Protein chains: 2
Amino acid sequence: MNLPLHERIRQDFETRILSGALAPGARLPTEQVLMADYDCARMTVNKALTALATAGLVDRRKKAGTFVARPRVHAMAMDIPDIGAQVAERGQAYRFDLGLRRELTGGQARLEWKVDRAVPLLELEGVHFADGTPFAWEHRFVNVAAVPEISAADFTGSSPGTWLLEHVPWTEADAHITAAGASAVEARALAVEPGEPCLCVARKTWRGSEPITYVRQLFVAGAYELTAHFGPGARREG
Amino acid sequence: MNLPLHERIRQDFETRILSGALAPGARLPTEQVLMADYDCARMTVNKALTALATAGLVDRRKKAGTFVARPRVHAMAMDIPDIGAQVAERGQAYRFDLGLRRELTGGQARLEWKVDRAVPLLELEGVHFADGTPFAWEHRFVNVAAVPEISAADFTGSSPGTWLLEHVPWTEADAHITAAGASAVEARALAVEPGEPCLCVARKTWRGSEPITYVRQLFVAGAYELTAHFGPGARREG
DNA sequence: TTCGCTATTTTGTCTATACATTAAATGAGG
DNA sequence: CCTCATTTAATGTATAGACAAAATAGCGAA
């Protein structure tokens with residue numbers, strides 16, 4: 001287990017910070033001191049400390065020094081997996097049933113997505129199945145001007161989300177996550193009672209400044225969950 | 001806007017990767033080529049590519065080269081605000097009502113949180129109010145061995161979450177987000193009908209390897225939503 | 001063919017040095 | 001005591017070179 005030196009230095013301080021031995025606000029030794037401590041060049045120490053800084057564990061200020069960061073973190077990394085891939089990973093058969101496919105323009109679309117009146121849109125509605133059981137309903141608008149190839153795409157079987165993921169890399173996205181009761185239409189599509197609790201994810205994506213798609217997905221409670229994680233290292237169990 | 005050279009190189013490739021100009025699997029030029037392209041030393045190129053690698057945008061293999069990584073799951077940054085602070089931000093009066101406070105050990109606790117049988121726990125149950133209206137119910141376990149000071153804490157008015165945030169900085173957390181119908185007990189506490197759809201956030205936090213707390217929060221649908229964002233720059237409207 | 005050794009390419013690490021940048025600390029003048 | 005310019009200590013960036021490590025690619029032998 002012969003780790004590189006810069007990695008050993010990084011871990012030394014990561015350990016001390018995570019254990020609380022170095023409390024938030026505490027000052028770390030200067031690079032000059034550390035290059036003496038570890039008997040190495042400054043670049044090596046710098047690499048270790050820079051890594052801690054990009055990981056958010058320390059703050060570095062010129063002239064002042066390096067300080068253990070205060071964990072003011074209110075953000076966690078949330079996984080947004082591809083629905084089809086996730087179902088397949090659980091060993092279940094995935095299917096998408098397209099219920100509605102319609103071309104319209106921004107002026108005709110509902111209010112959820114504020115796009116220009118003239119923008120040509122493709123409206124899609126459908127249901128995701130796992131092993132033949134419906135578990136998610138989705139209602140989507142796609143900006144055809146940004147993704148003209150979508151006109152030729154066929155969504156019988158595979159979902160529009162998967163198609164978009166493979167054909168249109170997005171650079172920016174917003175998501176709003178709420179709970180909602182299934183409406184009459186949604187309940188019938190999902191084979192549940194109206195009012196049944198569902199997880200609702202509304203997501204808008206852009207490529208650069210160009211809007212790509214707006215989608216509202218409704219997941220039957222219990223059949224789906226989002227996970228989020230914060231912290232160094234791998235996800236843990238339990 | 002005079003960025004450092006290594007940052008400019010990094011952004012050049014980040015842009016090309018996010019825009020799709022460099023597709024997943026595509027090979028980037030070697031460091032030798034890049035140091036000629038940008039007329040700089042190899043360390044400068046290396047710093048840029050290493051940053052892309054730690055960000056997960058590229059994979060680097062010796063002898064083989066540097067390749068655009070295949071994005072398996074897309075991670076978004078999810079906001080986890082302090083409940084009390086968020087309510088206050090909306091100009092509403094915040095209150096927390098503690099309903100249950102009990103000391104027990106890991107052996108007696110329910111299955112949701114796998115802690116050692118001998119671990120001393122504090123069990124807390126209560127309701128969050130905004131302007132006198134209940135909007136969230138929470139059920140929490142705290143590892144007293146990790147946070148002995150909590151025995152003396154008083155949660156009439158302010159929530160355990162806020163107290164923990166101020167007294168025990170966590171370094172790692174997992175969250176699971178689902179929808180659920182309110183149980184009879186929960187529905188009565190939240191003044192809604194049983195089965196009413198709620199957003200359910202189950203979160204576990206650690207400091208280093210030491211478990212700190214497990215909490216399950218139930219939010220009345222419509223009264224609360226989580227937001228997530230991915231991409232450069234500030235959050236957008238619409 | 002297939003196995004195994006070797007050569008070579010590419011990234012990984014480290015050094016020693018130089019100068020730039022920033023903001024805290026200092027000190028002079030009012 | 002306050003203000004503003006100067007000093008200076010710390011990080012930030014970059015260079016040119018060296019050797020290490022790993023894995024592909026190619027070659028030779030069984």
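Computed from a predicted structure; not experimentally measured.

**Observations concerning the protein's contact with DNA strand D**
- As a structural note, the neighbourhood of DNA strand D is formed by 23 residues, with A:R42, A:R60, A:K63, B:L5 and B:T44 the closest of them.
- If you look at DNA strand D and keep only atoms within 4 Å of the protein, 66% of those are sugar or phosphate atoms.
- Within the side chain of B:R42, an N or O atom sits 3.4 Å from a base nitrogen of DNA strand D.
- Contributions of two or more residues to the surface near DNA strand D are made by α3 (42–54), β2 (58–61) and β3 (65–68) of chain A together with α1 (5–19) and α3 (42–54) of chain B.
- In terms of residue count, α3(B) provides more of the surface near DNA strand D than any other element does, four residues in total.
- Residue classes in the surface near DNA strand D are distributed as six nonpolar, six polar and eleven charged.

**Re the protein's contact with DNA strand C**
- Near DNA strand C lie 24 residues; those nearest to it are A:L5, A:T44, B:R42, B:R60 and B:K63.
- For DNA strand C, the fraction of atoms within 4 Å of the protein that belong to sugar or phosphate moieties is 69%.
- A distance of 3.2 Å separates a phosphate oxygen of DNA strand C from a polar backbone atom of A:H6.
- Within the side chain of B:R60, an N or O atom sits 2.7 Å from a phosphate oxygen of DNA strand C.
- Contributions of two or more residues to the surface near DNA strand C are made by α1 (5–19) and α3 of chain A together with α3, β2 (58–61) and β3 (65–68) of chain B.
- Element by element, the count of residues in the surface near DNA strand C is highest for α3(A), at four residues.
- When the residues that make up the surface near DNA strand C are grouped by side-chain class, the tally is six nonpolar, six polar and twelve charged.

**Some words on the domain arrangement of chain A**
- Domain annotation of chain A identifies domain 1 (5–68) and domain 2 (77–228).
- Centre-to-centre separation of domain 1 of chain A and domain 2 of chain A, based on C-alpha positions: 45 Å.

**Examining unusual backbone geometry**
Residue and element names in this part refer to chain B.
- In the Ramachandran plot, D39 falls in the positive-phi region, its phi being about 55° despite a non-glycine side chain.
- Looking at where D39 falls in the secondary structure, it is placed in the loop between α2 (31–37) and α3.
- Taking relative accessible area as the criterion, D39 reaches 68% and is therefore assigned exposed.
- Even without being a glycine, K63 presents a positive backbone phi close to 70°.

**Some points on the packing of aromatic side chains**
- What the rule picks out here adds up to four aromatic pairs over all chains.
- Summarising the aromatic geometry, the rings of A:F219 and A:Y224 are spaced 3.8 Å apart at their centres and angled 10° between planes, so their arrangement reads as stacked. Here the two residues A:F219 and A:Y224 agree in accessibility, since each one is buried.
- Ring geometry for B:F155 against B:W163: centres 6.2 Å apart, planes inclined by 90°, an arrangement best described as edge-to-face. Accessibility assignment for this pair places B:F155 and B:W163 in one class, buried.
- A:R95 extends its terminal NZ or CZ atom over the ring of A:F129, reaching a point 4.1 Å from the ring centre.

**Examining the packing of α1(A) against α3(A)**
Residues and elements named next belong to chain A.
- Contact pair α1 / α3: the axes reach a minimum separation of 8 Å and the direction vectors enclose 45°. By the criterion of interaxial angle, the relationship of α1 to α3 is oblique. Our pair here, α1 against α3, has a crossing hand that is right-handed. Each of L5, H6, I9, R10, F13 and E14 in α1 lies in contact with α3, whose residues at this interface are T44, V45, K47, A48, A51 and L52.
- Of the residues that constitute the contact of α1 with α3, the class distribution is seven nonpolar, two polar and three charged.

**As for the sheet that holds β3(A)**
Residue and element names in this part refer to chain A.
- Read across the sheet, three strands follow the order β1-β3-β2 without closing on themselves; strand pairing throughout is antiparallel. Among the strands making up the open sheet, the edge pair consists of β1 (27–28) and β2.
- With respect to the sheet, α3 is in contact with β1, β2 and β3, its orientation differing from that of β2 by roughly 120°.

**A short note on the nonpolar core**
- With 38 residues, the main nonpolar core has A:M78, A:I177, A:L199, B:M78, B:I177 and B:L199 as its most contacted residues.
- Every residue in contact with A:I177, bar those within four places of it in the chain, is listed here: A:M78, A:L199, A:C200, A:V201, A:L226, B:I177, B:L199, B:E225 and B:L226.
- One finds A:F13, A:L28, A:Y38 and A:V45 within the second-largest nonpolar core, a separate group that totals 16 residues.

**Description of the sheet that holds strand β1 (residues 27–28) of chain B**
Residues and elements named next belong to chain B.
- Strands sit in the order β1-β3-β2 across an open sheet of three strands; the sheet is antiparallel. Where the open sheet ends on each side, the last strands, each with one partner, are β1 and β2.
- By the bridge criterion, two bridges tie β1 to β3 in an arrangement that is antiparallel. Its bridge partner lying in β3, R27 is registered against F67.
- Where α3 meets the sheet, it contacts β1, β2 and β3, and its direction lies at approximately 120° from that of β2.

**Concerning the environment of A:H139**
- Within the secondary structure layout, A:H139 lies in strand β7 (residues 133–143).
- Within the structure, A:H139 has its side chain in polar contact with the side chain of A:E123 (distance 2.8 Å).

Analysis parameters
Residues numbered from 1 in each chain as written. Chains lettered and ligands numbered in written order. Predicted model: local features only at pLDDT ≥ 70, side-chain atom pairs only at ≥ 80, totals over all residues. Heavy atoms only, no water. Near = heavy atom within 4 Å. Polar contact = N/O pair within 3.5 Å; in protein donor to acceptor, adjacent residues only side chain to side chain. Helix = DSSP H or I, 4+ residues; strand = E, 2+ residues; numbered from the N terminus. Nonpolar A, V, L, I, M, F, W, Y, C, P; charged D, E, K, R; others polar. Domains from an automatic or database assignment. Buried < 20%, exposed > 50% of the residue type's maximum accessible area, 1.4 Å probe, protein only. Phe/Tyr/Trp six-rings, centres within 6.5 Å; stacked < 30°, edge-to-face > 60°. Lys NZ or Arg CZ within 6 Å of the ring centre and 35° of its normal. Axes fitted to C-alpha atoms, helices over the stretch in contact; angles between N-to-C directions. Parallel < 35°, antiparallel > 145°, perpendicular 65-115°, else oblique. Left-handed = near helix turned anticlockwise from the far one by under 90°. Contact = heavy atoms within 4.5 Å. Pairing = 2+ DSSP bridges. Core = buried A, V, L, I, M, F, W, Y, C linked by side-chain atoms within 4.5 Å.

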